[in-house]
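# Observations on the three-dimensional arrangement
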Amino acid sequence: MQAMDVKDIVIVGGGTAGWMSAAGMSRLLGNKKINIRIIESEAIGTIGVGEATVPHIQYFNRLLGIDENNFIKQTNATFKYGIEFVDWHKIGQSYFHSFGPYGMDMEGIHFHHMWLRQQKTGTAKPIDEFNLQIQAAKVGKYAPARPDLKGSPLSALSYAYQFDAALYAAFLRNFSEKNGVTRTEGKIVKVTQAANTGHIESVTLEDGECIKGDLFIDCSGFKGLLIEETLKTGYEDWSHYLPCDSAVTRLSERMTELPPYTRATAKPAGWQWRIPLQSRTGNGYVYSSQFLTDQDALDSLSQDLDTAPISDARQLRFTTGIRKQPWNKNVVAIGLASGFLEPLESTSIHLIQTAIARLMTNFPDMSFNQPDIDFYNERTKTEYVQIRDFLILHYKATTRNDSPFWNYVREMSIPESLQKRIAIYKENARLYSEDKGLFNHSSWFAVFNGQGIHPQRYHPIANFLDEQEMKRRMEEIHTVTQKCLSIMPSHEAFLAKLP
Ligand SMILES: Cc1cc2nc3c(=O)[nH]c(=O)nc-3n(C[C@H](O)[C@H](O)[C@H](O)COP(=O)(O)OP(=O)(O)OC[C@H]3O[C@@H](n4cnc5c(N)ncnc54)[C@H](O)[C@@H]3O)c2cc1C
């Protein structure tokens, strides 16, 4: 027998997760049969960070029908080609993780194998010179992809955004309210569960208003008001692998020339981000409180700003890990309530987006079918684990021995899944994408190579190509890349010309 339909969705929390959920669900479920209500408390506020993204956010904005130029203007956004990692492998060395590919795949194998073959003979040009985005980022140039120019590096340009998260939430609020979402301001002080099932029945606000729902989306931030404080779901703590548990943030003036990338500089007990927006620069020192005091972190951040500070500092604490069941009973936790991976690769907003998509695929009826819930939770965990492993690689593969923090991460044990990946790459440079993880082979190569892991061999098929022919192709790719670079405008000029 068909179960009753869900009629009332209550979203608890109006941070980036709450408003992305409201916008996404109102767009996808937007009809008169479902009521979507969001509750947020200005007195509690939002976490107020989360400015850098990965390219997939474009799909989310497109789903909502958002005009990109308007979005850029409304959120003071800039374009992002990737991340520059400074001092990670060793002090004085830096590398780029670009969202775009290196060269072109040949003979059915990835480009890096050909490059490694040339490298073994000492004839290879620097790998960055085969990546148009890295070249452009280094000189502050930006252009969107030209899919019409098939085969050209210009067709493969891939970008994300750096934006003001508060303005993005306001933008999404406007969108959601127009789409029929009802917003209620107020602090939830009581949560009521059904006696027989333990499902959440209602939440009560400070002023006594009781709000009932069928499905609750917990976007209440780290504390997880419903998923943890009420349902006691439990948390899997990954801070052994990712020991940073704190951040101090501070805004500074706009940079004169806006770089189209985020910078992550390794420091004695963690790393510092620099995110350039059109209005100002976001900065933060992510560190481990085991190895650094809050005051020392703040002093170090303030000392290392590229532009003059324009805000007070904010201190934040977190635990890297995942809620044991991000979906428990009739509560789906999205955003920080579901788990947290430190912001090294700017992945949290992406995880909000994929959680919304996954929830839509597995949208429940009032039976709350447990196999569907289990499947949702398994997929969520797989996604978190893949990103977690990618982050750990940045720390583990280092030669730094200049502080107790770097000694710890260099020596720490790592998950088997990552050990396997490293072992395979070290042998013959093979990279695999499991379950279509967020980071593709090109991203893994960027970090392996940048962090100084050099494989013994390359894919044997790379040898099938005649040496002269390989040389010719490599030269051609190199020349075309430099030509494409020469016609790209500066990031600054591109932004200034947007209508
Ligand atoms: C240091 C740091 C840097 C980060 N950088 C990035 C980045 O560059 N890129 C990225 O993608 N992500 C980043 N993130 C993550 C990003 O900030 C979050 O994923 C994002 O802001 C979503 O937060 P949220 O909406 O889940 O929680 P919050 O912003 O904390 O929102 C919680 C909401 O719940 C409401 N609430 C809580 N309790 C109650 C109650 N009792 N009654 C009513 N309402 C309540 C609050 O008022 C608020 O509206 C970063 C996180 C940290 C800690």
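Nothing here was measured: the structure is a model prediction, and the numbers come from that model. (Residues numbered from 1 in each chain as written. Predicted model: local features only at pLDDT ≥ 70, side-chain atom pairs only at ≥ 80, totals over all residues. Heavy atoms only, no water.)

### Here's the deal with the state of the cysteines
Quick note on the threshold: Here, two cysteine sulfur atoms that lie within 2.5 Å of each other are counted as a disulfide.
Evaluation of the coordinates by the stated rule reveals 0 disulfides. The structure places no disulfide on C210, whose sulfur is separated from the nearest cysteine sulfur, that of C219, by 20 Å.

### Here we look at the site of the ligand
Our working definition: By convention in these notes, a residue is near a molecule or strand provided one of its non-hydrogen atoms lies within 4 Å of it. Residues adjacent in sequence count toward polar contacts only when both atoms are side-chain atoms; beyond that, a polar contact is any pair of N or O atoms within 3.5 Å, and within protein one must be able to donate a hydrogen and the other to accept it. The Shrake-Rupley method, run with a 1.4 Å probe, gives the accessible areas here. Residue values count only the displayed protein chains as cover. What counts as a helix is a DSSP run of H or I of at least four residues, what counts as a strand is a run of E of at least two, and both are numbered from the N terminus. By the convention adopted, Pro, Cys, Tyr, Trp, Phe, Met, Ile, Leu, Val and Ala count as nonpolar, Lys, Arg, Asp and Glu as charged, and the other residues, Gly among them, as polar. Where each domain begins and ends is defined by an automated method or by a domain database.
Around the ligand lies a shell of 34 residues, among which G14, V49, A52, K223 and I349 are the nearest. The backbone of C219 places a nitrogen or oxygen atom 3.4 Å from an oxygen atom of the ligand. Between the ligand and the protein, one listed contact pairs an oxygen atom with a backbone N or O atom of L336 at 2.9 Å. Protein coverage of the free-state accessible area of the ligand, which is 1000 Å², stands at 97%. Breaking the shell around the ligand down by element, the ones donating at least two residues are α1 (16-29) and α8 (348-361). A per-element tally of the shell around the ligand places α8 first, with 3 residues. Of the residues that constitute the shell around the ligand, the class distribution is 16 nonpolar, 14 polar and 4 charged. In this structure, the shell around the ligand is formed jointly by two domains, domain 1 (8-77 + 163-238 + 321-386) and domain 3 (246-317), each of which donates at least three residues.

### Considering the side chain of Q135
Heads up, the rule is: Should any heavy atoms of two residues lie within 4.5 Å, those residues are considered in contact.
By the secondary structure assignment, Q135 is in helix α5 (residues 132-138). The residues touching Q135, leaving out its near neighbours within four places in the chain, are D128, E129, Q482 and L485.

### Examining unusual backbone geometry
Note the cut-off: Here the term buried applies to any residue with accessible area under 20% of the maximum for its type, exposed to any over 50%, and partly exposed to those in between, with areas from a 1.4 Å probe on protein chains only.
The phi torsion at D87 lies on the positive side, around 70°, for a residue other than glycine. Inspection of the secondary structure puts D87 in the loop between β4 (82-86) and β5 (94-98). With relative accessibility at 16%, the residue D87 sits in the buried group. One non-glycine residue, F368, adopts positive backbone phi at about 45°. As for its placement among the helices and strands, F368 is situated in the loop between α8 and α9 (370-396).

### Structural notes on the nonpolar core
The following threshold applies: Here, nonpolar core refers to any group of buried Ala, Val, Leu, Ile, Met, Phe, Trp, Tyr and Cys residues whose side-chain atoms link them within 4.5 Å.
Counting 80 residues, the largest nonpolar core has W88, F111, L393 and Y395 as its most contacted members. Apart from the residues within four sequence positions on either side, L393 is in contact with L418, I422, W444, V447, F448, Q451 and I453. With 59 residues, the next largest nonpolar core counts L64, I334, A355 and M488 among its residues.

### Observations concerning the domain arrangement of the protein chain
Convention followed: Summed over both partners, buried area is the accessible surface (1.4 Å probe) that two parts give up on being assembled. Here, a salt bridge means any Lys or Arg side-chain nitrogen found within 4 Å of an Asp or Glu carboxyl oxygen.
Entries for the protein chain in the domain assignment read domain 1 (8-77 + 163-238 + 321-386), domain 2 (101-157 + 400-492) and domain 3 (246-317). The straight-line distance from the C-alpha centre of domain 1 to that of domain 3 is 27 Å. Contacts between the two partners involve 15 residues from domain 1, matched on the other side by 16 residues from domain 3. For the pair domain 1 and domain 3, the two sides together bury roughly 1100 Å², of which 56% comes from carbon and sulfur. Taken as a group, V49, E51 and N76 account for 39% of the area that domain 1 buries against domain 3, more than any other trio of residues on that side. Counting the contacts that link domain 1 with domain 3 gives 2 salt bridges. At the junction of domain 1 with domain 3, the criterion picks out 7 residue pairs in polar contact (both at pLDDT 80 or more). Among the residues forming the side of domain 1 that touches domain 3, the class breakdown is 9 nonpolar, 3 polar and 3 charged.

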